[in-house]
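These are the residues of each chain, in order.
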Amino acid sequence: MPPVTREPERLTSVGIDVGTTTTQVIVSELSVEDVSSGGATRLGVTDREIVHRGEIRETPLVDPETIEVDAVAGIVDAELRAAGVEDVDTGAIIVTGETARAANAEPLAHRIAESTGEFVVATAGPELEAVLAGQGSGAARRAAEREETVANVDVGGGTTNIAVFDEKGVRDTLCLDVGGRLVRLGKDGTVSAVSDPVQRLARAEGLELAVATIPDREALVAVAKAMADRVIDALTGPPYDESTLDLAIGSLPAESIPLDAVAFSGGVGRLLVAENDASGAIRDDPEPGISDPGPVSDDWRAYADLGPLLAAALAGRANETLPVVTLEEDIRATVVGAGTRTTRFSGNTIHVESDGPLRNLPAFPVGELDCERSELGDVLSSAVETARERHEAEPGFALAISDVGSLSYERIEALAAALADAYTPLPSDLPLVVVTRQNCAKVLGQGLARRVEGRSVVAIDELTVDVGDYLDIGTPMRRGGAVPVAIKTLAFDS
Amino acid sequence: MASETNDTDGEQSSRDRSTARPIDNPIDREALERITARNPSRLGVGRSGPRPRTETLLQFRSDHGLARDAVLTHVDEAVVDELGLMKIQSGVADKDEYLARPDLGRDISEETTARLREECTTSPQVQIVVSDGLSSTAVETNVPELLPVLLDGLADRGLDVGTPVFVEYGRVDVMDAIGEELDADCCVNLIGERPGLASAESLSAYMVYGPERGTPTSKKSVISNIHDGGLPPIEAGAQIADLVEEMCERECSGLELREDDREFQEAA
């Protein structure tokens, strides 16, 4: 119904980024309003205000590959207290960095979820991180507003995640094993650890970075330059250097994408921005940076890693060849993206009959049900059976139907009957969760609720999900309104 | 959220105009496509000198013809029979009088009242009324899908439903008269919206708790823009059932039902 007097509903959203090097927390207020422009009512986030920017702290580690879960939970609690926040409505936790730490991500996510209550939790793969960083930095907005093609290059401790945006949204993502912490240094400059990809890169350059030795500054500069070259090579497009392909996580773009602007974010990105600010290299500075996490040290060993040298090398290379710009967020780009961009909304005529939020439901796409009515039963029974086998260990799954066929009474009744039958063999505490692209969740939910007994029925609509996506479904907004939904791609991916 | 007659939100639809030939040689074709895709209005249709193109003009006249037809045709008897609706007529004699005399379209004659009392269940919790309103096309297109979902939904909620009635030449408020005469707790009127040039088949559902003649518009709830390009009719059926249940529980409708509106009123 068209709201006449309605104030925007406010959601408190928390973003938590547990990175290779730093852990950050932000709290934001999202204004949720009717954003429909004709057609069915639709909720969307109309304003995002960051109300608390937490301190940037070292990520507490038991050893280089294991996060200290209790200590991270302690940081989150402390930041929420500092922000004066008691009830969290939504948000996301992103555990970034080398894949070995993904094993840690799940217990950490659950731990945080327990202490924050109504909290939609997500972890991410590098592609999602790249996108969140670009949304948090302002690259996505710049691309949309100016109709430009903008790359956001998020250079952190463990990885470099690049997202390319155009006016329509995400155009491509690319990720590399390039980061400041891939070479760790002691106080006196002793190498304490070098990651394998960097070791290979160094050898290809004829350099040797042996642990427990003190290399020349020049040798480290050469390694940093080699890493910077790989980033520039990946951004420039094919043909790629052999070593760039070696550092790539996933695939690189098949063709070159002409860029109107390139922004840097992340911890190393911030050093680069600071370097450019100091040298006045960037003339195109639309908005002054609003995040100021304190002065940048000009000691190249200040962070006990290769970060400052990598930033300097990147600045040198990028300023020569790319249209570098400065945007509003740098080191906090990912956490801002996580806190303000991960919540989506279902349509607001839906059917939710469950006791609380549902978390980590794997999506099981059934695709288009373009079959005859008589075949619906067989198609859905086998889909539900397969879904159950594949996700037996999990709390349930969400059947995703991209096309239910015609939106007619007969069709929906037949679909509800076939779905209810397909679930009959399954334990009754397993919720029946169905996600449709078309606006038909309420009628489907009504048809299902009549046919199943003692089983929770959740039907939400106007969402598209894919294989490998996991869903967190919050509790409904207003009376029977839309639900906040976080769709996590590559969650807990190892 | 409610209005005197059903001629508020004329039309919002997404009729496909992609077949229309766009502006010749636009400077930025992609930007033009983005703009036209966002809005069903006649944007970027080009021109011939200072006039619209023949194609544009014909499309406009064709859409206008559809809109006029929606107003001036009658709902097919076969549709009314198939839906099992009891057919009555408002106080209006014909289409011309219907358009000229909204007041007559809101009431029913004494004979009709007598017939209703004789043939319908009296004192139901929910009385369903279907009215042609300003679009017979809207009724024929949407009600066959919407009504069975609504009846199922009301039955699921344990609400007892009276004999559904079809009113020819009905206005929104005809449900007040019918509900009052049949002593219904609440009334739903599924009525054709004033057609526009983008959609002639949009339907609205008006609802009132405690219907009686002269009930102010502020006490009515509405779900509008029901058609394939807006809120699909089956989904609307389930939504109306939800709202009716809430009306029956809270014994009110319209602005009184909306907490935020109530707060607003109290503050004013």
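Criteria and cut-off values
- Residues numbered from 1 in each chain as written.
- Chains lettered and ligands numbered in written order.
- Predicted model: local features only at pLDDT ≥ 70, side-chain atom pairs only at ≥ 80, totals over all residues.
- Heavy atoms only, no water.
- Helix = DSSP H or I, 4+ residues; strand = E, 2+ residues; numbered from the N terminus.
- Buried < 20%, exposed > 50% of the residue type's maximum accessible area, 1.4 Å probe, protein only.
- Contact = heavy atoms within 4.5 Å.
- Expected span 1.5 Å × (residues − 1).
- Arc of directions from axis to C-beta.
- Polar contact = N/O pair within 3.5 Å; in protein donor to acceptor, adjacent residues only side chain to side chain.
- pLDDT = per-residue confidence, 0-100.
- Pairing = 2+ DSSP bridges.
- Patch = residues over 30% accessible without salt bridge, like charges linked within 9 Å, V, L, I, M, F, W, Y side chains within 5 Å.
- Areas by Shrake-Rupley, 256 points an atom, 1.4 Å probe, with all protein chains shown as cover.
- Salt bridge = Lys/Arg side-chain N within 4 Å of Asp/Glu carboxyl O.
- Lys, Arg positive; Asp, Glu negative; His and termini not counted.
- Charge placed at Lys NZ, Arg CZ, Asp CG, Glu CD.
- Core = buried A, V, L, I, M, F, W, Y, C linked by side-chain atoms within 4.5 Å.
- Disulfide = S-S within 2.5 Å.

Caption draft 1: Main features of the overall build of chain A. Scanning chain A from terminus to terminus reveals 13 helices and 23 strands. Classification of the 494 residues of chain A by burial places 55% in the buried group. Looking at chain A alone, contacts between residues at least 24 apart form 71% of all its contacts between residues at least 6 apart.

Caption draft 2: Region of interest: the environment of isoleucine 27 of chain B. On the secondary structure map, isoleucine 27 of chain B appears in the segment before helix H1 (29-38). The spacing of isoleucine 27 of chain B and valine 79 of chain B is 52 residues in sequence and 50 Å in space, taken between C-alpha atoms.

Caption draft 3: Fine view of helix H11 (residues 376-390) of chain A. All names here are of chain A. The first and last C-alpha atoms of H11 sit 21 Å apart over 15 residues, in line with the 21 Å expected at 1.5 Å per residue. Along H11, the positions that sit buried rather than exposed are Leu376, Leu380, Ala383, Val384, Ala387 and Arg388. One side of H11 holds all its buried residues, which, seen down the axis, span an arc of 130 degrees. In H11, those exposed residues whose orientation departs by more than 90 degrees from the buried face are Asp378, Glu385, Glu389 and Arg390. Tucked into the core, H11 has its buried residues touching strand E18 (358-368), strand E19 (398-403) and helix H12 (409-423).

Caption draft 4: Region of the structure containing the side chain of aspartate 173 of chain B. Residue and element names in this part refer to chain B. One can find aspartate 173 in the loop between strand E3 (165-168) and helix H7 (174-182). Judged by its relative accessible area of 10%, aspartate 173 falls in the buried class. A polar contact of 3.0 Å, which involves the side chain of aspartate 173, links it to the side chain of lysine 220.

Caption draft 5: Structural view of the environment of serine 374 of chain A. Residue and element names in this part refer to chain A. With respect to the helices and strands, serine 374 occurs in the loop between E18 and H11. Using a relative accessible area of 66% as the deciding quantity, one classes serine 374 as exposed. Sequence separation of serine 374 and phenylalanine 345 is 29 residues, and the distance between their C-alpha atoms is 33 Å.

Caption draft 6: Representation of the confidence of the model for chain B within the structure. All names here are of chain B. Across chain B, the average pLDDT comes to 88, with 88% of residues at or above 70. The lowest-confidence element of chain B is helix H9 (residues 259-267), averaging 63 in pLDDT; the highest-confidence one is strand E2 (residues 126-131), averaging 98. Predicted confidence is poor over residues 1-18, with pLDDT under 50, and the contacts of this stretch with residues over four places away or in other chains come to 65 contacts. Overall fold confidence (pTM) sits at 0.72, and the ipTM for the predicted complex is 0.82.

Caption draft 7: Here's a closer look at the pairing of strand E8 (residues 150-155) of chain A. Residues and elements named next belong to chain A. Burial within E8 is extensive, with six of its six residues counted as buried. Of the two faces of E8, both are covered, the one formed by Val150, Asn152 and Asp154 as well as the one formed by Ala151, Val153 and Val155. Pairing geometry for E8 and strand E14 (residues 261-265), over five bridges, is parallel. Paired with asparagine 152 across the bridge in E14 is alanine 263. Two strands pair when backbone bridges link them, and E8 and strand E9 (residues 160-166) are joined in this way by six bridges, in the antiparallel orientation. Bridging across to E9, valine 155 finds its partner in threonine 160. Remark: four residues form the turn of the hairpin made by E8 and E9, two consecutive strands paired antiparallel.

Caption draft 8: Up close: a negative patch on the surface. Among the surface-exposed residues, Asp76, Asp81, Glu82 and Glu140 of chain B lie close enough to one another that they form a single negatively charged patch. Its location among the elements puts aspartate 81 of chain B in helix H3 (residues 77-82).

Caption draft 9: Representation of the nonpolar core in the model. All names here are of chain A. Ranked by internal contacts, the top residues of the largest apolar core, which has 54 residues, are Leu399, Tyr423, Val434, Ile460 and Ile473. By residue number, the principal contributor to this core is H12, which donates nine residues. Here isoleucine 473 is in contact with Pro357, Leu358, Leu361, Val433, Val458, Ile460, Val483 and Pro484, once residues within four sequence places are set aside. In terms of nonpolar packing, the next biggest core, distinct from the first, is built from 49 residues, Ile232, Ile257, Leu309 and Leu314 among them.

Caption draft 10: View of helix H3 (residues 126-137) of chain A. All names here are of chain A. The end-to-end C-alpha distance of H3, which contains twelve residues, comes to 16 Å, matching closely the 16 Å that a straight helix rising 1.5 Å per residue would cover. In terms of residue burial, H3 counts as a mostly covered element, since nine of its twelve residues are buried. Three or more residues of H3 are buried, namely Leu128, Glu129, Ala130, Val131, Leu132, Ala133, Gly134, Gly136 and Ser137. Following H3 by one or two positions, glycine 138 adopts a phi angle in the positive range, close to 105 degrees.

Caption draft 11: A look at the environment of glutamate 353 of chain A. Residue and element names in this part refer to chain A. The topology assignment puts glutamate 353 in strand E17 (residues 351-353). With relative accessibility at 36%, the residue glutamate 353 sits in the partly exposed group. The sequence separation of glutamate 353 and glutamate 147 amounts to 206 residues, and the corresponding C-alpha distance is 42 Å. Setting aside its immediate chain neighbours within four residues, glutamate 353 contacts Ala449, Arg455, Ser456, Val457 and Val458.

Caption draft 12: A look at the state of the cysteines. Throughout the structure, instances matching the rule amount to zero disulfides over all chains. Take cysteine 440 of chain A: it sits in no disulfide, and the sulfur closest to it among the cysteines is that of cysteine 371 of chain A, at 14 Å. Free cysteine cysteine 186 of chain B: the closest other cysteine sulfur is in cysteine 248 of chain B, separated by 3.9 Å. The class of cysteine 186 of chain B is buried, set by a relative accessible area of 0%.

Caption draft 13: Local environment of the pattern of salt bridges. For the structure on display, the rule yields 39 salt bridges over all chains. Two residues, arginine 181 of chain A and glutamate 58 of chain A, come together in a salt bridge whose shortest N-O distance is 3.5 Å. Of the two residues, arginine 181 of chain A is situated in the loop between strand E10 (169-176) and strand E11 (183-185) and glutamate 58 of chain A in strand E4 (residues 57-58); the sequence distance between them amounts to 123 residues. Residue classification places arginine 181 of chain A among the buried residues on the basis of a relative accessible area of 11%. Put simply, arginine 157 of chain B and glutamate 245 of chain B hold a salt bridge, and the shortest N to O gap is 3.3 Å. Placement of arginine 157 of chain B in the loop between helix H6 (136-156) and E3 and of glutamate 245 of chain B in helix H8 (residues 233-250) is noted, with a sequence separation of 88 residues between them. Overall, arginine 157 of chain B belongs to the partly exposed group, its relative accessible area being 24%.

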